[in-house]
Amino acid sequence: MATTRQKAAQGSYPSLTGKVETAELLRRLKACGQHLTKADQDKEKSDGRTSDLERVSRELISSQILNHTDRSVRLVAACCLSDVLRIYAPDPPYNSGEIQEILELFVKALHVLSNREAKDFSRAYYLLENISIVKLFLLCTELEDADELTTSVFRLFFEIVDEKHSFKIRTYFLDVLSSFIAEQETMPQQVLDAILMQLTEEMRVSEAAGTLSRDLLNKCAASLEPYIQQHFNRALLVGKSSESDLSEYNLYELIFELNQAAPSVLLSVLPQLEFKLKSTDKEEREEVARLLARMFASPDSSLAEENGPLWRCWLGRFRDIIPGIRCICVQFSKYFLVYHRTLSHDVEEHLVQAGNDPDESVRSAVIVTLQETALQDITCLTEKLWQILQKRLLDRKVAVRLEAMTALASIFHSVHMRCLNKEGNVQTNKKLLQELSWIPSKVFQLYYQPSVDDSLGVERSLLLNLVPVMVDDEQRVSLLFDIYSMLDDIAMRAFNEMLRKREGVRRGLIELLAAYKAANKPSCAAQCLHLAKNLPDSSKAHDHLKHLVGMLKNRNLYDGLLNCTAVERGCAAVRKAMLGVLKEAQELSANPAMLATIKALLDRASPLLVDSGFISLLLEKTAAEVTFNLESDSDDEDVERAKPKRGARGRKTAAPAVAKSGSGEPSQKSRRTLQLIMALATQYPALFRMQDVYEQLMAFLKHDVPFIVEASLHVFKDVGSEVEKTHPSIASCLGPVLTQLALQGTPRQAKLSLRCIRLLLSNKDTIIEQILQTYLKELDYDKDNLLTIVTGLGHIAEMSPVLFAPHQKTVIRNFLVKNLLVRDREGRGFREKDPEWQEDNRVSRETLLKMASLKLLVRWLSSLPADEEMSSCTPVLRLLHCMLQNEGDLNAQGKTVAWEKSRLRLCAACCLLKVASMERFFKQVDSEMFMDLALMVQDSCLEVRSRFENKLHKWLARMILPVAYLSVLALAAPDPVKDQRNHVRQHLSYSISSRRDMVRTNQSLADKVEVILPEYSVPYVVHLLAHHPDLQESTPEALAQLKDYLWFFLEPPMLQANSYGFLKKMVETIKQTRDNAAPSDPKENEAAQKRLYIVCDMALGLMASKVTNFTSEAFPGRIVVPIRLFTKISKDEPLNVNKYLPPSFSFSPLGKQKKAVDVVPSSVGKGRAKETSGSVSASKQTSATKAGGTVSPSNATSSRPSRSAKSAANLQLSATKDDADDDDDEDDSGNESDGEHDSVRGTDVGTIDGIEEFSSAAEPSSESPDIKPTTTTAAPSVGRGRSLKQTTLTEMSAAGKHKAGGGRGTRSVKASSRSRSRSPLKTGTSKTSPVRTPRKAALQAGSPVTCSPNITDGNLAMEKLNSTSDEGSREQPKAAAASPAKRRQIARPRAGAKRSLAAQLNQSGDDSGSESEDSEDLVSGAAKKPRANTASLKPDTTSRTRSPQRGVRSSPRKGSVDDAVPSAASTEAAKDAAEAAPVLNVKRSSARRR
């Protein structure tokens, strides 16, 4: 019986003992495993098979099996043991040591799961299933080495888990590990380390292990939280722990990953993070700030909402003292704006502050963050955030400005490309593009920044972002077409200036290559210097360019540079040549700075924007655009009209109407497109010389819209010089068309047609003569095209003086003077309520004819032969001067309305300037004319003084006007409009710096510094102020204003160079002279000399008090003063060491000037305050109505150019001339150079030489105030070491505290009551009235003054200062009461009764004795009067009343320069002195009294 039972048992459970082969053992184990797998716990016990089971269980743990070398044997044995433990559960039949060995066997066997292709994978899976279900690994909890075994299990599972494992396997892994955590009383640190290691990328075994770890943390969060809290609190408080394997890893990275996996387990750790966020250790605080930023910014995170104190504590790090921490907060703000809209408001407020951060890295981080946010979701950017980007365009740091420019350009381009490619919602994208249309203008306005880096950055933004060079021609045309149509006037001029600068650099590189080929070393050096000025860091760039010249011996480099400048090769070929040059240069030079210079040179010199194919496509697109005259800017229609084959008539919107005869002006987009073609034609004429281009231009000439015709004429003028040779068929058709336009077109069409005839056609004389004869036949006031005729006659007189000479009397004397200038036909008379300026369409035909007549006279004068010029110049100058004296009303009959008087006055002043710019005639502009001309800067009409000053600056910058005219800008000091005052200040600084650069870079001008350098205009400033009608009395108010005048002019030259010593010596020299223009009467002469010395003392005192440090370096010139203004005192006279300023007068340091006595009655100031406040609110309402959109940076500023850009735009010399005043005034017939400077106009004045004989003695004691500067070697500074920018801001803000008024004259109460003030501050209001000029308010009807945010330095305090100035009018201290006769205004002082034209033209010929009777008849006309009664032409000294049109003082000032009328005996002396009269010679014979 026993033997049978044993056999049965052996049949069920084969014997595993004895020496058997591995294969046999494996077979027996498998058989045993099959029985165990099917065995059930209860059944085995009930069947009495316990003894067999015990036998097998003992045999399975034998060393022969557990330590078998075959892995399969061990694995099958492990499966059998797992079944045995399952059957015996919960009481295993093994002791603790045996269980230890079994569990270790399990761990080794489970390694098979790491390879899914292993043959025993299924058995390992079975083992895992048993372990998971029965929870066999929990047996280790009772073992002594339980921690080690548990750690090995965790590490094993994290090591073998794979993403390819099935969900069941990963679930079993999770169940086994979670059961460990749930059943253990304490968690070993090694186990916790094993779990946490899988969270971070650098420590985890695999991604599947990380997933398993996160699942485990979430499943066992409650069990693990105490251990995790203990671990991190110890690590955060104590530091690294040697007990943990995580000590060497980043603790904060681990916390972040743990927060991502199971946020709930970190709830007790967060207070420690808040404590660490306030740590004094900056590195620790930086790491915690970054950690919390990541935790808060996670897309699915709700940490900020659940932990408000921690969130607010983190927000406080936006104001951390460490810039790096502030940058971290800024960089993570993008995620809050995009993913956490509920938190975006808090972040937005801090971003606004960070945008004004003092550290440039923080401001740059703000820009990058906003750029990334906009590219991801542009709707996340609010108006405040757009304003940050807009303001950073004007940052004081170049790098920040470039960052903002690149950010805005890339944002705009992304939206623009979506519109072109019709991606997403087309209508939404187009609306968005319209709202972002301000971006191109803001980017191009940055071109006016003084740094070359800004200019280069704008060009790179254009070629890389706005109009990328890598896109095809059709897309580039569409991009540039749209962008140019969005530009405002200032940005458009900047774009045109950019084209001019790029073309100049390209030509300079071509000339450098040509000079190298010709071995012309001086020319190479000159071109290197010229090119270096257009590159960043010009001094280093110059050295690099000289090195580049030495590298040109490499033929590949030379040919590559030549190909980079070839316009005809096309953009693709040029781009390929650029890459070749850079590669070749990199092989020749390893200097990174050298390569950067070469790249910058290629970026500026290579024609990457346009080529011949681009021009053809642009003209096709323009032809399609100008065919339609649209009143709206529908983007749908714009896109379709870009493709003529598709029309736009099938749209739901109204179909565009075809332009018909008399349709008027084209749409804004059409106008801008034509202006783009004109700009490109000016710089790239060779690309337009194609048959299809000429044919399209001819089609434009036949258009009915005037501007289209004018644009085509402008292009023909620039590109058609060889049209007769290359395209004779076009030339044959062009002649009749030009003739017709010259006869029947608009005045501008006639002007351009005549110039085209002169430049393009060989039979120009015949055609011009035919046109002249037609003009003469139709010379009648009733002719509708009379304005065209007068304009055409003026240009014919200039370009063909021989043809015009026989008819000049008929045209000038009989028609212009008699029928136009001296007759008032259409005037309705002067009215008090009339504005001083109106739009161009409000100007009457008669006024336009008078303006054209004045221009004709000047053009005729410029072309006169030498034997006639002087005899004809004087009558013309008298006529122009009379127009100025009578304020635009030539006949002084009161028939001309106010705004037309302003136009005529401005036209006469510009004509007088043009005469002065002619080298033959500028001596003829006497002192009285010069004074009236200078006083135009103080005209009561803002438009007049602004346009006049722009014209003055333009010709000063081109070196057309003498340096004496630079002194005129000093009179802009009391301008009540802050923008205009700053505008003139920038022009003055530009003229000073450009003249100095010209002398420094051009050695040939070393002997002409006296007529170029701005320091030599100081004598003219002194003389001008000594004779200014407002400064004839030494009252406290007059002295305060004199100080403002002087410092306004002296500040720029003293800050830009070390010229303190020179200017001081110059003024001291003037003090040792006498005024040649002083009256002959001893009493009045003494008063005049005293006024001159007062100005000198004031200048010396200002220089001593304002400048605290200076460098006593040698000035590049000698001290000279004009002998026609000043006479050196005789040797017998003592040196003038007297002090002429009142003893009570003192010079306050800058920013602490004492407030002068305000001469404006307080009641007047209050009334003006109300009026200005109303205008401010109205202006804000208007601007808010015009601007809009969710993406617009500001409803008040987005559509307006910045103030700095507006001021800088007028500094450029090649602006597009499409203003009404410049249409016929500009001389672009070839007489003016296209370069940066025209030929230098000298003042041709004598000088007092040998100054040393009295200047050395005068130096110690002639300094008026008892303040002497300390000679050091430091750079000059203003006040107490302030910078130029700070000084300017301080002076602007403090100007209203000490300036006595904003005007040029005073008037009595009677004059004030019966005269209308033309001051923008109204009657009796000074510049320091209780109303400050708001930055965004319209200060004058019809002349709004707009500005945008100032250039800021990122300082929050400065930004707050700037923002407070936007709040409109402010409450100011009440003005002190003073005599009504001393109330000041900006109105131009016009003393004496007005004289008629006949009286002006028939006065005594003191200064024109050589003129002939014919020339006198030519201008004065038939009403010629005898000259016998000379005395009657002198001003009436007994009646000093003003006309109702202009209110000024009713009685003359004592001691005025013009008070003395010379006697008959002095007339001959005046004639003898005429040859020696300077430009500023104050003439007294027939001057009106001021």
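Residues numbered from 1 in each chain as written. Predicted model: local features only at pLDDT ≥ 70, side-chain atom pairs only at ≥ 80, totals over all residues. Heavy atoms only, no water.

Trainee: Tell me about the overall build of the protein, and please be specific about residues and values.
Mentor: Of the regular secondary structure elements, the protein holds 65 helices and six strands. Looking at the protein residue by residue over its 1490 residues, the buried ones come to 59%. Contacts spanning at least 24 positions in sequence make up 79% of the contacts within the protein whose residues lie at least 6 apart. (Helix = DSSP H or I, 4+ residues; strand = E, 2+ residues; numbered from the N terminus. Buried < 20%, exposed > 50% of the residue type's maximum accessible area, 1.4 Å probe, protein only. Contact = heavy atoms within 4.5 Å.)

Trainee: Residue-level account of a negative patch on the surface, with values.
Mentor: A cluster of acidic side chains, namely Glu101, Glu104, Glu144, Asp145, Asp147 and Glu148, defines a negative patch on the protein surface. As for its placement among the helices and strands, Glu148 is situated in helix α9 (residues 146-160). (Patch = residues over 30% accessible without salt bridge, like charges linked within 9 Å, V, L, I, M, F, W, Y side chains within 5 Å. Areas by Shrake-Rupley, 256 points an atom, 1.4 Å probe, with all protein chains shown as cover. Salt bridge = Lys/Arg side-chain N within 4 Å of Asp/Glu carboxyl O. Lys, Arg positive; Asp, Glu negative; His and termini not counted. Charge placed at Lys NZ, Arg CZ, Asp CG, Glu CD.)

Trainee: Outline the nonpolar core, listing residues and values.
Mentor: Ranked by size, the top nonpolar core spans 405 residues in total, and within it Phe106, Phe137, Phe157, Trp314, Phe444 and Phe495 carry the most contacts. For Phe444, the contacting residues outside a window of four places in its chain are Val458, Leu462, Leu466, Ile483, Leu487, Ala491, Ala494, Phe495 and Met498. (Core = buried A, V, L, I, M, F, W, Y, C linked by side-chain atoms within 4.5 Å.)

Trainee: I'd like a rundown of the pattern of salt bridges, residues and numbers included.
Mentor: Counted according to the given criterion, the structure contains 49 salt bridges. The partner of Lys384 in a salt bridge is Glu349, with the nearest N and O atoms 3.1 Å apart. Linking Lys384 in helix α23 (residues 383-392) with Glu349 in helix α21 (residues 341-354), this pair joins segments that are 35 residues apart in sequence. By relative accessible area, which is 39% here, Lys384 ends up partly exposed. Asp939 serves as the salt-bridge partner of Arg905, at 2.6 Å between the closest nitrogen and oxygen. Taken together, the residues span a long stretch of sequence, with Arg905 in helix α49 (residues 898-917) and Asp939 in the loop between α50 (927-934) and α51 (942-957) at a distance of 34 residues. Through salt bridges with shared partners, one network takes in Glu24, Arg27 and Arg28.

Trainee: Describe helix α15 (residues 270-277), naming the residues involved and giving the relevant values.
Mentor: By the burial criterion, the buried members of α15 are Leu270, Gln272, Leu273, Lys276 and Leu277. The arc that holds the buried residues of α15, viewed along the axis, is 155°, so those residues lie on one side. Along its buried surface, α15 packs onto α13 (221-237), α14 (251-261), α16 (282-297), α17 (303-306) and α18 (308-315). (Arc of directions from axis to C-beta.)

Trainee: Give a detailed account of the confidence of the model for the protein, specifying residues and quantitative values.
Mentor: Scored by pLDDT, the protein has a mean of 74; 71% of the residues are at 70 or more. With pLDDT under 50 throughout, residues 1-11 is counted as low confidence; its partners more than four residues away or in other chains account for three contacts. In this model residues 1149-1490 is a low-confidence stretch, pLDDT under 50, and it forms 858 contacts with partners more than four residues away in sequence or in other chains. (pLDDT = per-residue confidence, 0-100.)

Trainee: Account for the environment of Leu105, with residues named and values stated.
Mentor: For Leu105, the position within the fold is in helix α7 (residues 96-109). Along the chain, Leu105 and Asn67 lie 38 residues apart, while their C-alpha atoms are 9.1 Å from each other. Beyond its immediate sequence surroundings of up to four residues, Leu105 is in contact with Leu66, Arg74, Ala78 and Leu81.

Trainee: I'd like a rundown of the side chain of Gln189, residues and numbers included.
Mentor: Among the structural elements, Gln189 can be located in helix α11 (residues 189-197). Accessibility expressed as a relative area gives 15% for Gln189, which makes it buried.

Trainee: Can you tell me about the packing of aromatic side chains, naming the residues and giving the values?
Mentor: What the rule picks out here adds up to 21 aromatic pairs. The interplanar angle of 50° and the centroid separation of 5.7 Å between the aromatic rings of Phe154 and Phe180 together place this pair among those described as tilted. A residue pair is termed long-range when its members are at least 10 positions apart, and Phe154 in helix α9 and Phe180 in helix α10 (residues 167-183) qualify at 26 residues. Since its relative accessible area comes to 1%, Phe154 is described here as buried. When its relative accessible area of 1% is taken as the criterion, Phe180 is described as buried. Among the aromatic residues, ring-to-ring pairing joins Phe137, Phe154, Phe157, Phe173 and Phe180 into one connected group. One cation-aromatic arrangement involves Arg294 over Phe256; the distance from NZ or CZ to the ring centre is 3.8 Å. Sitting over the ring of Tyr781, Arg845 keeps its end group 4.9 Å from the ring centre. (Phe/Tyr/Trp six-rings, centres within 6.5 Å; stacked < 30°, edge-to-face > 60°. Lys NZ or Arg CZ within 6 Å of the ring centre and 35° of its normal.)

Trainee: Which residues make up unusual backbone geometry, and what values go with them?
Mentor: The phi angle at Lys135 is positive, at roughly 55°, despite the residue not being glycine. Here Lys135 lies in the loop between α8 (121-134) and α9. Residue classification places Lys135 among the partly exposed positions, given a relative accessible area of 41%.

Trainee: Help me get a handle on the packing of helix α38 (residues 691-701) against helix α41 (residues 728-744), residues and values and all.
Mentor: Between α38 and α41, the least distance of the axes is 11 Å, while the angle of their chain directions is 20°. When the axes of α38 and α41 are compared, the pair comes out roughly parallel. The two elements α38 and α41 meet at a crossing, and its hand is left-handed. Of α41, the residues touching α38 (which contributes Gln691, Tyr694, Glu695, Met698 and Leu701) are Ser729, Ile730, Cys733, Leu734, Val737 and Leu741. In the contact of α38 with α41, the residues fall into eight nonpolar, two polar and one charged. (Axes fitted to C-alpha atoms, helices over the stretch in contact; angles between N-to-C directions. Parallel < 35°, antiparallel > 145°, perpendicular 65-115°, else oblique. Left-handed = near helix turned anticlockwise from the far one by under 90°. Nonpolar A, V, L, I, M, F, W, Y, C, P; charged D, E, K, R; others polar.)

Trainee: Tell me about the packing of helix α44 (residues 786-799) against helix α46 (residues 808-821), and name the residues and values.
Mentor: At their nearest, the axes of α44 and α46 sit 13 Å apart, and the two run at 140° to each other. By the angle class used here, α44 and α46 are oblique. Crossing of α44 against α46: the hand is left-handed. When α44 is examined against α46, the residues Leu786, Val790 and Leu793 are found in contact with a partner set consisting of Val811, Phe815, Leu816 and Leu820. Residues of the contact of α44 with α46, tallied by class, amount to seven nonpolar, no polar and no charged.

Trainee: Report on the environment of Pro736, specifying residues and quantitative values.
Mentor: Among the secondary structure elements, Pro736 is positioned in helix α41. Using a relative accessible area of 54% as the deciding quantity, one classes Pro736 as exposed. Once the C-alpha coordinates of Pro736 and Ile767 are considered, the two residues, 31 residues apart in sequence, prove to be 9.2 Å apart.

Trainee: Outline the environment of Tyr1093, supporting the account with residue identities and numerical values.
Mentor: With respect to the helices, strands and loops of the structure, Tyr1093 is situated in helix α56 (residues 1082-1106). It is 9.6 Å that separates the C-alpha atoms of Tyr1093 and Glu1068, two residues lying 25 residues apart in sequence. Setting aside residues no more than four positions away along its own chain, Tyr1093 makes contact with Ile1070, Lys1071, Thr1073, Arg1074, Asn1136 and Tyr1140.

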